[in-house]
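Structure at a glance
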Amino acid sequence: MRIQLLAAVAIFVLLAAVVPVWAHHSFAAEYDGKELITLKGVISKVEWTNPHTYIYLDVKDASGKVTSWALEGYPPNTLKRTGFPRDILKIGDEVTATAYKSRDGSNTGAGREITFADGTKKFLGPVGN
Amino acid sequence: MTRHLTGLLLILGGTLAIPAAAQYQRETLASTAAKAPNPNPMPRTADGRVDLSGTWQAGGVSINGEPGAPPLHPLPPAPVRPPARERIPYQDWAAARQKTFTVLDDPTSKCLLPGVPRIVGMPMPMEIVQTPKEVIILYESFRAWRRIPLDENLKHPDDLTPTWMGDSVGRWEGDTLVVDVTGFNDKTWLSGLGSIHTEKLHVLERYKPINYDTLLYEATVEDPGSLTKPWVTGSVLRRPIDVRIEEYECIENNPDNEHIQKAMEQQKRAGQK
């Protein structure tokens, strides 16, 4: 049973990798789906826009330097339909997010999952491919 | 290097195509947490005609869930699978031209209309509005709509000018809605990267009700200008739970092509070093 479940998950992940994840542009040409980074920061701006949402995080490094990161996410309607309401994102809140880094070298990523201070987790965007 | 880059982009762009079988399996797996099949019969109009009115969706995380995480409203398993995925049977010139495109050329990356049959596979819902004389399909994606007058002879108007979504006319064959689409421009893609066609494109669609939750969508694509034989594609349309189509203003905030352009230039520079 456990093996079947693991096999099902493995197949699912494999298939997810070939199914298109964005409606309107190529994920893989823009982001490195193999490199998932983790960012802890403070929400500085939210763009609840189409074709994608953007969440901006101020991320402080060990030396105290703050860098702004932009994380692209599912369109607003998709987030809403997956149980991710707009008002859960509050400017000034500290969150931890995982993301696939942009191939253009900028501080941009395709957001995958966001964890809020109370431990709530939500998917921001698709699994990388 | 350029050839390598083009090759890479071809592979990357291929992810835009919808692998129908994979999509079916994904739906099935996602539905393992679903309830028993919906016992509701397919709705019918007062005169006994099957009624396709309602919201339908071909895929996407909102109905399929994430890997390892079921969707908010799981659907019963689909009792049918889409047509097997076929490679588009291009004539030599079209196959050669297909290789010249990058993902930046994809009309939908600029928020332009996807055409038919590509629009049907988008991971966003559409609404079918059925009346005795015509069927209207409203698509959330790309603000698209189609008006499909019903006519036994599938006769199109004589004054067609090529358009992105073409001209549709339909008729009932039993419970299946058959739609003939022609009058396309040559600016849309059929499916994946560089899947071009000519203005001779002609699509015959079949919307076959399987049960309350499920329509089987099949499209036979003909284009004597670019294909060597008809190409069959399709998907399984599901009736999502508690979903209505909403606004999707695609052009609002779309910096992706700029990012992709920069990424391509950087990869090119890295390759030249």
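Everything below is about the structure shown above.
Nothing here was measured: the structure is a model prediction, and the numbers come from that model.

Turning our attention to the sheet that holds strand S7 (residues 202-211) of chain B. Residue and element names in this part refer to chain B. With respect to topology, five strands assemble into an open sheet ordered S5-S6-S7-S8-S9, the strand pairing being antiparallel. Sheet topology places strand S5 (167-173) and strand S9 (231-238) at the edges, where each strand pairs with a single neighbour. Going across the sheet, the axis of each strand differs from the next one's by a mean of 20°, ignoring polarity. Pairing between S7 and strand S8 (residues 214-222): nine bridges, direction antiparallel. Looking at S8, one finds that Arg206 is bridged to Glu218.

All names here are of chain B. End to end, helix H5 (residues 256-272) covers 24 Å across 17 residues, agreeing with the expected 24 Å (1.5 Å per residue, within 8%). Burial in H5 covers these residues: Asp256, His259, Ile260 and Met264. One side of H5 holds all its buried residues, which, seen down the axis, span an arc of 135°. The exposed residues of H5 that point more than 90 degrees off its buried face are Glu258, Glu265, Arg269 and Gln272.

Consecutive side chains of a regular strand alternate in pointing toward one face of the sheet and then the other. Residues and elements named next belong to chain B. What sits between S7 and S8 in their antiparallel hairpin is a turn of two residues. With eight bridges connecting them, S8 and S9 associate as antiparallel partners. In the sheet register, Thr220 faces S9, and the bridge partner there is Val232.

Definitions and limits used
Residues numbered from 1 in each chain as written. Chains lettered and ligands numbered in written order. Predicted model: local features only at pLDDT ≥ 70, side-chain atom pairs only at ≥ 80, totals over all residues. Pairing = 2+ DSSP bridges. Helix = DSSP H or I, 4+ residues; strand = E, 2+ residues; numbered from the N terminus. Axes fitted to C-alpha atoms, helices over the stretch in contact; angles between N-to-C directions. Expected span 1.5 Å × (residues − 1). Buried ≥ 20, exposed ≤ 12 C-beta atoms within 10 Å, placed from the backbone. Arc of directions from axis to C-beta.

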